[in-house]
Amino acid sequence: MSSTATIQKGKRGSRVKLGGSILALVVLENGRQIRSRMNQLSVNGGLVSLENPLDEGILVTVLFHLGCTSIRCRAHMLFPMWATKGCLQPCRFLDLPEASRASLNRELESLVRAGASQEEEEAE
């Protein structure tokens, strides 16, 4: 996983590309559960890979596990983008507790460091 983890910096904050390596569960307000994969992730939200897009603007609960950190928080679904198989749909975390945010940030930074170390080894 670390070889595909790269970081991007911009107005939206740092994002780590995961290439769909993190499984996620999206739970709708009616209780329906949708299995997905995280393509990108930051402490502010993520980009989930879905078979079918969800309505823009709906509220969901997102659950995923990264390293030693388990995240369960409400999220706001944004406008989907069609992909080769299904779609990629961004979501913005709404109520991520500060302790979870800090833990997630540590995991993301660890992935970036591991990816940078591997890239340096491959360059030698």
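Everything that follows concerns the structure shown earlier in this document.
So, a few notes on the structure that sits alongside this text. The shown structure was predicted, so the numbers you read here are calculated from the model rather than taken from an experiment.

### As for the nonpolar core
Right, so step 1: Among the nonpolar cores identified, the biggest contains 29 residues, and Met38, Leu41, Leu54, Val60, Phe64, Phe93 and Leu104 are the most heavily contacted of them.
Right, so step 2: Counting only elements with at least two residues in this core, the list comes to β2 (15-28), β3 (33-41), β4 (45-50), β5 (59-66), β6 (69-77), β8 (87-93) and α1 (98-123).
Right, so step 3: In terms of residue count, the dominant contributor to this core is β2 (six residues).
Right, so step 4: Contact partners of Val60, with chain neighbours within four places excluded, come to Val26, Val27, Leu28, Leu54, Cys73, Arg74, Ala75 and Met77.

### Thoughts on the pairing of β8
Right, so step 1: Within β8, six of the seven residues are buried, which leaves it mostly tucked inside the rest of the structure.
Right, so step 2: Pairing between β4 and β8: six bridges, direction antiparallel. Across the sheet, the residue bridging to Leu50 is Cys87, located in β8.
Right, so step 3: One ladder, built from three bridges, connects β6 with β8; its direction is antiparallel. Each residue of the ladder has a partner; that of Ala75, found in β8, is Phe93.
Right, so step 4: Pairing of strand β7 (residues 81-82) with β8 involves two bridges; the strand directions are antiparallel. In the strand pairing of β8, Trp82 is matched with Cys87.
Right, so step 5: The turn linking β7 back onto β8 is made up of four residues, and Gly86 within it adopts a positive phi angle of 80°.

Cut-offs and rules
Residues numbered from 1 in each chain as written. Predicted model: local features only at pLDDT ≥ 70, side-chain atom pairs only at ≥ 80, totals over all residues. Heavy atoms only, no water. Core = buried A, V, L, I, M, F, W, Y, C linked by side-chain atoms within 4.5 Å. Buried < 20%, exposed > 50% of the residue type's maximum accessible area, 1.4 Å probe, protein only. Helix = DSSP H or I, 4+ residues; strand = E, 2+ residues; numbered from the N terminus. Contact = heavy atoms within 4.5 Å. Pairing = 2+ DSSP bridges.

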